[in-house]
Structure formats: structure tokens, C-alpha cells
Amino acid sequence: MPTARARRPGTLRRSLFALVLVPVAGLVGFMGHAVDQQAARARATATAAQDVRSAVALDAVRAAVAREVVPVLGRAVLQDPQAASSVGVDPGALTPLSATAAPALAAQRHAVQLGTDAAVAAAAGTGAQDRARAAQRTVRQLRASTADGDLLAVFAGYRELAADLATEVDDLLRSARTAGLDGAGTGALTDLQLVSRASALASAEVPLFFAAARGQAGPADREAFLTAWGGYRGAAAEVEAQGSPHLVRAWRAATSSPGAVAVDGPLRAAALGGPTPSLPGFVGLAAANGTRDAALREVVETTGTRATDTARAPVVHAERTLRLLVALCALIVVGSLVAALLLRRWIAAPLSRLAAQARAVSDGVLVDVDEGGPLEVRTVARGLAATVDTLRRVRDQAQAVADGTLDAEVVHRPVRGALGEVVHASVQQMVGALHERERLRAVLAHQATHDALTGLPNRARAGELISAALDRAARHPDDPSARVGLLFVDLDHFKAVNDTHGHTAGDQLLRVVGARMSACLVDGPGVGAGFEGALARLGGDEFVVVVERAGDQGRLVDLATRLLDAVCAPVELSGRHAGARVRVGASIGVATSPPGGCSAERLLVEADAAAYRAKSAGRGTVEVFDDALRRDIAHRTALEEALRTGLDAGELVLHYQPVVDLTSSAVTGVEALVRWDRPGHGLVGPDHFVAVAEDSDLVCDLGRWALLTATAQLAAWDAEGGALAGIGAAVNVSGRHLAQPRLLGDVAVACAGAGLAPERLTLEITETVLVDEPTAREHLRALRALGVKVALDDFGTGYTSIGQLSRLPVDVLKIDRSFIASGDRAHADLVQLVVGAAHSFLLGVVAEGVEQDDQLQALRALGCDAAQGFLLGRPRPAPALGAELSALAAAAPDR
């Protein structure tokens, strides 16, 4: 018995400690996890800060290396005539220049070499010190190799080293970004990346310009300089657009310094085909480049210091938080141990018989609790039993939620007690959140596949509907009635509603028309009895109707006719235009899947082609895709491929039509008109192939070729001299090409490659481009800022009103030939009005299609600036244009 009494307290103590220490151990584990996470965050931010510091130090070495190349090469040129000849400098000009420039270059060389050594020394203690010392060894080898006279190899070595260092700086900054910076650190790091990239590109401009300006320079040297020049300006624009206000102010101050201005001017002139600076100008440019690099380097260093400090701040915060977490964890452990000791002291022996049941509950086994024994034990037992009951209900509710039976009765059964109420409320909120998630998922799924304006399926959903219908039809290949029909509905005159009443009215019209067409699919003759149709909006004013089990084409045509009647009915507007009645029509194309099936894309193309034929035939009609359309699509596909091959093979040529000044009768320019010398077909005009090119990106390649060819021809005429020297050229640009940002680069490359001033190039666009391409106006303004002129072709045939002329980014109006050739007095008055309005807005006017002398005299009387047409000269190849102009010059006094 004494032995038994000695064992019971020990067993009870172990039970008490188990009940107390198990939750404490979990809490300590959680706190330990939090401490570990905070420590990891501290290490990550410390690593990011070290990477930023290393990047700043290595970027300083990169900048010093970039500054060293110009004075080193300049000094070698002044000392070695053979080296001077290798970079295109006249050795005879070295003696007078050396007396004035050599001391300055020597001082600059000494200063930049000291700067390189100082930058390497500053990198000590950072993660970049080994790379900096390796770069120093390479630089010393390059300094020593200047005595060999191989300046191009020296320049290439400096350039390669600077590029490698810039790449490693970018790698360090990317590593810092992924290491775990906060918002402020990420913003500061973004500033450093922006200004570091811009500074690196700026330091490469002048050396690349020197290399491109040498006598032995090739196209690759010129392209490398243009790439660096354009890259620096793009990087500077990114600094302005994406940098913080602090960085933008510092950047503007640095780039507006005298040294920066002294560098930017000659480089911009050289990039746009200007003259090469003199030898003293090169020396001055080298000195100004050092000043500009120093100013930009100061911005980089200031930004790097700020980025390092910002990246370091979270490290301090993380370390402080880590210490607090460790202290809190220790306090919790100590408090838990004290609580356990108190429990062991004050819990009496009557609880020992509940040990087994309590142990089972603590292990997660919800057993039935025995409530017998003394009052105190029964009280504890009842409490434990109530806890077990509550846990069972919570378990059942959690299991129901996990099984997805959110509407089960057990989920809504309340749990007793205050804690039970909280738990039950939490379960109800969880159930409500799950229901809401399912509802939102359904809403988002609907929004992703349906048009927000009409509520109809959108283009993506339409493709899925067509594919699903074709898949179901493919299961019944022998059933002709199982074929899928597709109706392509293109509204007519919808743009007129937008232009007259505004886009709000257009939106109302689209909703009404969509509702009417949907109604046609659920009632009316021929609908039902296995006829299944779905309406979708592709975008704009285009709809499609997918019809399953379409049967013969007659049923589809009947449906299309009902759709036409529904669309054409007048629509009475509401809101701001209440009472107004508008009317649109529709052109509908019908296509059916072939017996062997087809893809959704092919069926959509066929229905679109049929709708296009309906619109071309006068609108308001229904056309069925047939073999003729199939042949037309095949022909267009073959023509596009032949045109693409012809462009690569050099089969495209330009003919030039003179543009004559009506005051002096002198030829002031030409319009470049594309022709295709197609093998087996002869010379093909643009009417036969430009429309096909417009349907693909091929028209951009065609426009790029025309720009390069026309500017090169102007340069050739300048070199030949004579009447064609100094004239300008107009090149037609498509809307698809104008919508691409690359057009600006295409124009700059064409002008720079030909050494042509941008002011001699005119880009001709149509009125529809300004309406259909949202970015057209911005790109035109950028082109005019470059110096290129813009002409609005075929003016008067589109939607542009005279009142809009003051807001259009154009320089010249070209009056369409239909107004010149017409004998209608109203057209003559319109020409007079256009000329007067254009001159009021300081625009030039060119009349097209002048074929008769009385037309020419009438235009002169109206004050028209220039004209072109068969009377003044037909389009000719470049070699034949001189003879044509000679004939015009002889006949000019009589006109």
C-alpha cells in the first residue's frame, strides 16, 4: 500500500504536465516558427542591402572604365600618326592640335585613371571587390596596349569590359530585388536600375560615335552608335516616366548641365545624318563627355546611397522585431512553466480517476465521460462531457464543410455555451464565405465569357461555342441535318449613329439590336424542333449566330432574313437623346460546316468573307459562302504569299510622280508609288495587291521598304545634282503601320541611313486612319516633332470636317481627284472652301488628278499651292523621271 500511494501522485503529476505543456509546446513551436521567419527576413534584407552596395560599387568601377577610354585613345592619337590614321584623323593636323589638346587630354587621362583606381579601392569590403580588382587588371593591360598602335582593339577591350561590368551590375540589382525588399526599398532599387542603365548607355555614346566617325568605319559601327544613342534616349525617358520625384529632379539637373548639352547637340545631329565634327570639335566633345559622365555619375551615386540606406532600414527593423519575438517566446515559456507548477500544487487527488478519460480526450479521442463520484469530480466530469459534446458538434460541422455539404442540418445546429456560439458563428461565416466565393466565381466566369454591354457571349466564348458545336456535329458524320451553321452579322451605318448622337446612343442601339436578334432565336417560324441557336458579340458592331443541327442552307437564309428585319426596325433612344429614332442595317454572311467537319476559325473566316461580299454588294443583304468565295480566299492567300516572296526577292519598285508648285511651275517634290514587277504578270499596280497586304502585317514590311527606298533615291538624286537635287518625297503609310510604335524608328533609320533631313520626307495618311487607329494622332505628333511632314490624302472623301483641321496633326491637305475631275459647280465651290480653310490653318494644299489645262488654271486662280496629275507628269521610274521633268520645264511657261 505505501508503494501504491507513492506512485499515484507521480502519475497525476505527469497527467497535469501533459495537459498543460502540450498546448504550450504548440505555442512555443508557433513562436519558434515566427522567430525563424523573422530571422530569415532579416537575412534576406541584409543580403539585398549587400547586393545593392556591391552593385553601386561595381557601377562606379564601370563608369570609371567608360570614362577612361576617350582620353586614353585621344592621347594615343596625338602621339602616334599611325594610330591617328587608324581612327580617320589626318596625321598632318596633329602637330598644332597636340600643342593645345595634349595637356588637357593628359590631365583628363590622369584624372580618369585615378578615378578608376579610386573606384576599385572603394569596392573593397563589398561583394564586388574581386570583380573590381579583375577589372583593374584588365584596364592596366589596356592602358599598356595603347603603345602598340592597335587603337581599335583597345577600344573594343574597353567597350567589352564596360559592357560586362554593366551586365554584372544588372545581375546584382536583380538579385537584390528578389531577396525580399519592402515597398520603399523596391522603389529605391527601381530608381537605381533606371539611372544606372541610363548612365551606362550615356557613357557608351561618345566612344561609339568616335568609332563610327573614323575613316574606316562601317555600317556596323554606325548601327552600334545609333543603337546606343536611341537606347540612351529611351532610358532617359524611362527615368522621367518611372523614376521617383527625387530622381527626376536630380536627373533633369544633370542632363541640363552645360556638359550634357554640349554632348547631346552634336550626337543628335550625327544620329540624324548631320555633318561630322571637326578634329577640335572631337576634342571638345571628349572634354564635355567627361563633364556629363561626372554629372550623371553623381546622380547614380546619390541614388545608390539612397537605395543602400533604404534597403538597410528593413534589416534594422527585422533585427529589432526578432529580439522582441525571442523575448516574448521566452516569457511565454516561463509563464507556462509557472502555471504548470501551480496546477500541480493545487489540483487534488480526486481528479486522478479522470486521468484516463482526460488523456483520451487530449489525444483527440472523443470518449463518453463518466460523471460519477464526488461533487467536485462530477462537476469536472460534466464540464469535460460538455466539452466533448461541443467538440463532436464542431467536428461534425467541420466535416460537413470539408465534404462540401454546406446546407446540411448539422451545419446550422447551434453549439451550446458562449464558446459554442462563437464557434458556430465562425462556421456560419465560413459557410457564407464559401457560398459567396461560389457566387463570385460564377459571376467572374460569366464576365470573362460575356460582353459587358449586351450580356451576350463575347469573342472568346463564341469560339468555344463554335468548337463545341462542331465537335457534337462530328459525332454524326452521316447525318446532313447535324451540320453547324454560322451567321456573321455586320451592322451597316453604325458609325454614323456614333458620330451623330454619340457613343452612349450607339451603346443603347447595340443593346436593343442584340435583344432583338436573341428574340429571333427563340420564337418565330422555323425555330424549335431541334433548331438550336446562340448569339454572340465579337466586338464593335459585329455579331455571330451559331446554329446547331442547321439542316439545309435555306433555313439559315430564312433566319438571316428575320435577323435583317429585326435589325433594320427603327430604335427609339432614351436618356439624353429621348425621342430620337435611329435606324441601322446589316450585312449577313452565312456559312455551314462541310460534311467532313472543319475548324472553328475556318468556319468564322468563311462567314466573315460572305458578310464582306454582302457589304460590298450594297449592304442590307444576305450572302452564302460558296465556291467562288472559297476561290477568292485561296487567291488572296496565294497573292499574299507571292507578295511576301516578291518583297524578299526585290520584285517591288517605286515609281515617282512629280508634284509641281503652281506659283513657280517648279517641281518641288515627288510622290513615291509602289509597283510590283511580278514574274509572269508584268508590272502590277497597287490596286491589285495593297488591299491584300493591308489585311496582314505584310503592309508594315512594305511601308518600311518604301521608306528606305525613297530616302535612298533622294540621296542619289542629291549626289547627281540637277533638277532633282534637293526635292522632297511623299510616301504613303498604312494605318496598321502607323499604329505600331516602331514606325518612328523606321522613319529615323531611313533618314539617317540616307543622310537625309527629316523635313524632306512627307508621310501620306488617309482620313480613316485618324478614326480607326487610337494611337495614330500621338505617333503623328511624334513624327512631326522629328521634322517629318504629314499629308492628309484624299481629303473630302472621309469623315473629317473643316472645323477639325486646327486639331489635326497634319501639314498638308491633298484634295481628292474626284473633286478636281468633277464638272459640278458644288464640287468647285468645295475645292475653293478647302483651299481657303487650309490656308487659314496654315496648311499646304496639293490637288491630285490634274489632267486638263483648265483644271490647272482654275486651281491657280483659287490659290492652290501645288498639284500633281497626268497633265504635269505620269508616275515614272527614277531613271526616266529626269526626261519627264525636262519636258515639263519646257512647257511650264505656257501653262
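As a reminder, the structure under discussion sits directly above these lines.
So, a few notes on the structure that sits alongside this text. Predicted model, so just to flag it, every value in this text is computed and none were measured. (Residues numbered from 1 in each chain as written. Predicted model: local features only at pLDDT ≥ 70, side-chain atom pairs only at ≥ 80, totals over all residues. Heavy atoms only, no water.)

1. Quick word on the overall build of the protein chain
Counting its secondary structure elements, the protein chain contains 30 helices and 17 strands. Across the 895 residues in the protein chain, those meeting the buried criterion constitute 43%. The long-range fraction of contacts in the protein chain, counting pairs at least 24 apart against all pairs at least 6 apart in sequence, stands at 69%. If you sum the accessible surface of the protein chain, you get close to 42800 Å²; carbon and sulfur atoms cover 58% of it. (Helix = DSSP H or I, 4+ residues; strand = E, 2+ residues; numbered from the N terminus. Buried < 20%, exposed > 50% of the residue type's maximum accessible area, 1.4 Å probe, protein only. Contact = heavy atoms within 4.5 Å. Areas by Shrake-Rupley, 256 points an atom, 1.4 Å probe, with all protein chains shown as cover.)

2. A look at the side chain of glutamate 606
On the secondary structure map, glutamate 606 appears in helix α19 (residues 600–616). Apart from residues no more than four positions distant in its own chain, glutamate 606 is found in contact with Ala591, Thr592, Phe625 and Arg630.

3. Section: the sheet that holds strand β1 (residues 485–492)
Strand order in this open sheet of five strands is β2-β3-β1-β6-β7, and the pairing throughout is mixed. The sheet is open, and its two edges are formed by β2 (532–539) and β7 (622–624), each paired on a single side. On average, each strand axis in the sheet is inclined to that of its neighbour by 20°, with strand direction left out of account. In this structure, strand β6 (residues 585–592) lies alongside β7, joined through three bridges in parallel fashion. The residue bridging isoleucine 588 from the neighbouring strand is valine 622, located in β7. Those strands touched by helix α15 (residues 459–474) are β1, β2 and β3 (542–548), and its axis lies near 20° from that of β3. (Pairing = 2+ DSSP bridges. Axes fitted to C-alpha atoms, helices over the stretch in contact; angles between N-to-C directions.)

4. Some points on the packing of aromatic side chains
Overall, the coordinates contain three aromatic pairs when judged by the stated rule. Seen from their ring centres, tyrosine 232 and tryptophan 251 are 6.3 Å apart, and the 50° between their planes marks the pair as tilted. Taken together, the positions of tyrosine 232 in helix α7 (residues 219–242) and tryptophan 251 in helix α8 (residues 245–255) put the pair 19 residues apart, joining distant regions of the chain. The class of tyrosine 232 is buried, set by a relative accessible area of 4%. Positioned over the ring face of tyrosine 232 is arginine 292, at 5.2 Å from the centre of the ring. The ring of phenylalanine 870 carries arginine 874 above its face, with NZ or CZ at 4.0 Å from the centroid. (Phe/Tyr/Trp six-rings, centres within 6.5 Å; stacked < 30°, edge-to-face > 60°. Lys NZ or Arg CZ within 6 Å of the ring centre and 35° of its normal.)

5. Things to note about the packing of helix α17 (residues 503–520) against helix α18 (residues 553–568)
What describes two packed helices is the angle between their axes and the distance between those same axes. Close contact between α17 and α18 brings their axes to 9 Å; oriented N to C, the two are set at 145°. Classified by chirality, the crossing of α18 by α17 is right-handed. Of the residues in α18, those in contact with Val513, Arg516, Met517 and Cys520 of α17 are Leu559, Arg562, Leu563, Ala566 and Val567. (Left-handed = near helix turned anticlockwise from the far one by under 90°.)

6. A short note on the environment of phenylalanine 819
Within the secondary structure, phenylalanine 819 is located in helix α27 (residues 817–821). Separated by ten residues in the primary sequence, phenylalanine 819 and aspartate 829 place their C-alpha atoms 9.8 Å from one another.

7. Observations regarding the packing of helix α16 (residues 494–501) against α17
Interaxial distance between α16 and α17 falls to 7 Å at its minimum, and their mutual angle equals 140°. It follows that α16 is oblique to α17 by the angle criterion. From α16, Phe494, Val497, Asn498 and His501 reach across to α17, where they touch His503, Ala505, Gly506, Leu509 and Leu510. A class-by-class count of the residues in the contact of α16 with α17 yields five nonpolar, four polar and no charged. (Parallel < 35°, antiparallel > 145°, perpendicular 65-115°, else oblique. Nonpolar A, V, L, I, M, F, W, Y, C, P; charged D, E, K, R; others polar.)

8. Quick notes on the nonpolar core
One finds Leu652, Trp717, Leu738, Val747 and Leu859 to be the most contacted residues of the largest nonpolar core, which totals 73 residues. For this core, the element with the most residues is helix α22 (residues 698–720), which contributes ten residues. Of all hydrophobic cores here, the second largest spans 64 residues; its members include Ala48, Ala60, Phe155 and Trp229. (Core = buried A, V, L, I, M, F, W, Y, C linked by side-chain atoms within 4.5 Å.)

9. Brief notes about α7
Here α7 is 24 residues long and its end C-alpha atoms lie 34 Å apart, about the 34 Å a rise of 1.5 Å per residue gives. Among the residues of α7, Ala224, Phe225, Ala228, Trp229, Gly231, Tyr232, Ala235, Ala236 and Val239 are the ones counted as buried. (Expected span 1.5 Å × (residues − 1).)

10. A look at helix α9 (residues 258–271)
Counted at 1.5 Å a residue, the expected span for α9 with its 14 residues is 20 Å, and the 20 Å between its end C-alpha atoms agrees. Residues Gly259, Ala260, Val263, Leu267, Ala270 and Ala271 constitute the buried set of α9. One face of α9 carries all of its buried residues, which in axial projection span an arc of 105°. Immediately downstream of α9, the backbone of glycine 273 shows phi near 90°, a positive value. (Arc of directions from axis to C-beta.)

11. Examining the pairing of strand β15 (residues 844–847)
As judged from the four bridges shared by strand β14 (residues 812–815) and β15, these two strands associate in the parallel manner. Opposite lysine 814, over in β15, you have valine 846 as the bridge partner. Both β15 and strand β16 (residues 866–867) contribute to a ladder of two bridges, which runs parallel. Paired with valine 846 across the two strands is alanine 866, which belongs to β16.

Keep in mind that these numbers describe shape and distance, not what the molecule does.
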